[in-house]
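Chains, contacts and geometry: an overview
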Amino acid sequence: MTMETPVAANEATIRPPERLEPWGLQWTPVVAGALAASALSLIMLSFATALGLGVASTAPTWRDASIALWLLSGIFLILQSLISFGCGGYFAGRVRVPYVSTTDDTETRDGFHGVASWALAVLIGAVLVALVAWASSRPTSTTQPPSASEPSVLSFELDHLFRAPRRPPNVGLTAERAEAARILMTSSSHNGVATDDRAYLVQQVTALTGLAAPDAEKRVDTTIANAKSAISRARAVSIIVAFSAAAALLLGAVAAWAGAAAGGRHRDGAPISDWMVHSNRWSRRRMPAPRPMP
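Residues numbered from 1 in each chain as written. Predicted model: local features only at pLDDT ≥ 70, side-chain atom pairs only at ≥ 80, totals over all residues. Heavy atoms only, no water.

**Looking at the overall build of the protein**
Convention followed: Elements are defined by DSSP. Helices are runs of H or I of four residues or more, strands are runs of E of two residues or more, and each kind is numbered from the N terminus. Per-residue accessibility, obtained with a 1.4 Å probe over protein chains only, is compared with the maximum for each type, and a residue is labelled buried under 20%, exposed over 50%, and partly exposed between these values. Residues count as neighbours in contact if any of their non-hydrogen atoms are within 4.5 Å of one another. Here the Shrake-Rupley method, with its probe set to 1.4 Å, supplies the accessible areas, and only the displayed protein chains count as covering residues.
In terms of helices and strands, the protein carries 7 helices and 0 strands. Going residue by residue from the N terminus, the α and β elements of the protein occur as α-α-α-α-α-α-α. Burial statistics for the protein: of 294 residues in total, 31% are counted as buried. Across the protein, contacts joining residues at least 24 apart in sequence account for 73% of those joining residues at least 6 apart. Carbon and sulfur atoms make up 64% of the accessible area of the protein, which amounts to about 19,900 Å² in all.

Next comes the structure, spelled out in structure tokens:
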């Protein structure tokens with residue numbers, strides 16, 4: 001017969017539930033990861049621009065590029081986002097100091113730090129793009145924009161429209177070019193250029209270039225067709241740029257989370273996930289089958 005020893009109430013050890021300590025973001029790893037991601041992204045974008053894989057370009061011949069080049073540029077934009085933000089997230093998770101707690105969800109906190117570094121890197125990139133756009137739009141002593149109301153996508157068409165073999169020096173066509181550009185922008189609409197607007201362009205071309213009326217009409221019709229094609233291609237480029245940028249940013253957030261999780265595992269000495277391992281089943285050496293013991 002087994003005898004049970006009673007335990008007094010005052011002798012029992014009552015363990016209070018462990019209280020979760022409040023935690024916040026460690027901004028040093030976040031800033032370091034954001035700077036690393038921004039630097040790597042700048043390097044890859046500069047390399048792509050040197051190779052001609054820029055998503056957009058101010059060169060007039062860019063609109064004559066093929067759609068395959070646009071798609072390839074968008075794919076490279078997504079690829080550089082995955083690499084740069086993944087490395088930035090890994091850096092943020094690797095240098096983060098973990099909290100000492102048995103209930104600490106380390107992987108989630110590392111992921112939050114990776115996403116925070118991604119957001120800060122995106123903000124840094126937006127500020128740099130705004131500064132570059134502001135600096136490039138300022139007129140200098142060597143470059144002067146044609147007009148504030150003249151779209152750059154139609155600059156070549158406007159040059160062709162008002163081209164003349166002889167023209168008096170110091171004759172400015174800024175107002176005429178801007179007005180013609182606003183008329184040509186309607187070529188991409190459903191109704192196209194109105195009849196009276198076309199007749200007005202013919203009169204302007206005849207007066208400013210000295211061409212005969214039939215030649216001026218032929219030039220205006222050619223310019224309207226070219227302007228419609230240029231605007232359509234510019235819209236296609238804008239759609240590809242917008243879609244590629246949105247996809248790159250969203251996938252960059254995922255890469256930053258995964259990179260931060262991998263960095264935290266390396267920091268803690270834990271094995272990383274199978275899909276993050278550098279060697280895969282295609283690169284592993286085949287192990288010989290074990291021989292039976294004699």
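**What about the nonpolar core?**
This is how it is decided: Residues grouped as a nonpolar core are buried Ala, Val, Leu, Ile, Met, Phe, Trp, Tyr and Cys residues, joined through side-chain atoms within 4.5 Å.
With 19 residues, the main nonpolar core has Leu154, Leu161, Ala180, Leu184, Leu201 and Val220 as its most contacted residues. Listing elements by their share of this core, those giving two or more residues are α4 (155–161), α5 (174–184), α6 (195–209) and α7 (213–268). At 6 residues, the largest contribution of residues to this core is made by α7. Discounting residues that sit within four places of it in the chain, Leu154 has contacts with Ala181, Leu184, Met185, Ala227, Ala230 and Ile231.

**Digging into a nonpolar patch on the surface**
The criterion, for reference: Here, patches come from residues exposed beyond 30% relative accessible area and free of salt bridges, joined within 9 Å for like charges and within 5 Å for nonpolar side chains (Val, Leu, Ile, Met, Phe, Trp, Tyr). Each salt bridge in this description consists of a side-chain nitrogen of Lys or Arg and a carboxyl oxygen of Asp or Glu lying within 4 Å of one another.
Residues Leu25, Trp27, Val31, Leu35, Phe112 and Trp257 make up a contiguous nonpolar surface patch of about 570 Å² in total accessible area. You can see Val31 is positioned in helix α1 (residues 27–51). In this structure Val31 comes out as partly exposed when scored by relative accessible area, which is 35%.

**Some words on the packing of α5 against α6**
Each pair of packed helices can be described by the angle between their axes along with the distance between the axes. Spelled out, the test is: Axes here mean lines fitted to C-alpha atoms, for a helix over just the part in contact, with angles spanning 0 to 180 degrees between N-to-C directions. Put simply, angles under 35 degrees are roughly parallel, angles over 145 are roughly antiparallel, angles from 65 to 115 are roughly perpendicular, and the rest are oblique. Crossings are classed by handedness, with left-handed meaning an anticlockwise turn of the near helix from the far one by less than a right angle and right-handed meaning a clockwise turn. Residues were grouped as follows: Ala, Val, Leu, Ile, Met, Phe, Trp, Tyr, Cys and Pro as nonpolar; Asp, Glu, Lys and Arg as charged; and all remaining residues, including Gly, as polar.
Between α5 and α6, whose axes approach to 11 Å, the crossing angle comes to 150°. In terms of orientation, α5 and α6 fall into the roughly antiparallel class. For the element pair α5 and α6, the recorded crossing hand is left-handed. Counting all contacts with α5, which are made through Glu176, Glu179, Ala180, Ile183 and Leu184, the residues of α6 involved are Asp197, Tyr200, Leu201, Gln204 and Leu208. Of the residues belonging to the contact of α5 with α6, the class tally is 6 nonpolar, 1 polar and 3 charged.

**Re the packing of α6 against α7**
Between α6 and α7, whose axes approach to 9 Å, the crossing angle comes to 120°. Between α6 and α7, the angle falls in the class oblique. Handedness of the crossing formed by α6 with α7: right-handed. Contacts between α6 and α7 involve Arg198, Leu201, Val202, Val205, Thr206 and Thr209 from the former and Ala213, Ala216, Glu217, Arg219, Val220, Asp221 and Ile224 from the latter. Here the contact of α6 with α7 is composed, by residue class, of 7 nonpolar, 2 polar and 4 charged.

**Topic: the pattern of salt bridges**
For the structure on display, the rule yields 5 salt bridges. The salt bridge involving Arg198 is made with Asp221; its shortest N-O contact spans 2.8 Å. With Arg198 in helix α6 and Asp221 in helix α7, this residue pair connects regions lying 23 residues apart in the sequence. Several salt bridges converge on common partners, so that one network encompasses Arg96, Asp110 and Arg267.

**Some points on the confidence of the model for the protein**
Rules: Every residue carries a pLDDT, the predictor's confidence in it, which falls somewhere between 0 and 100.
This prediction gives the protein a mean pLDDT of 76; 69% of its residues lie at or above 70. Note on residues 1–20: pLDDT under 50 across the span, and 5 contacts to partners over four residues away in sequence or across chains. Considering only residues more than four positions removed or in separate chains, one finds that residues 141–147, a stretch of pLDDT under 50, has 5 contacts.

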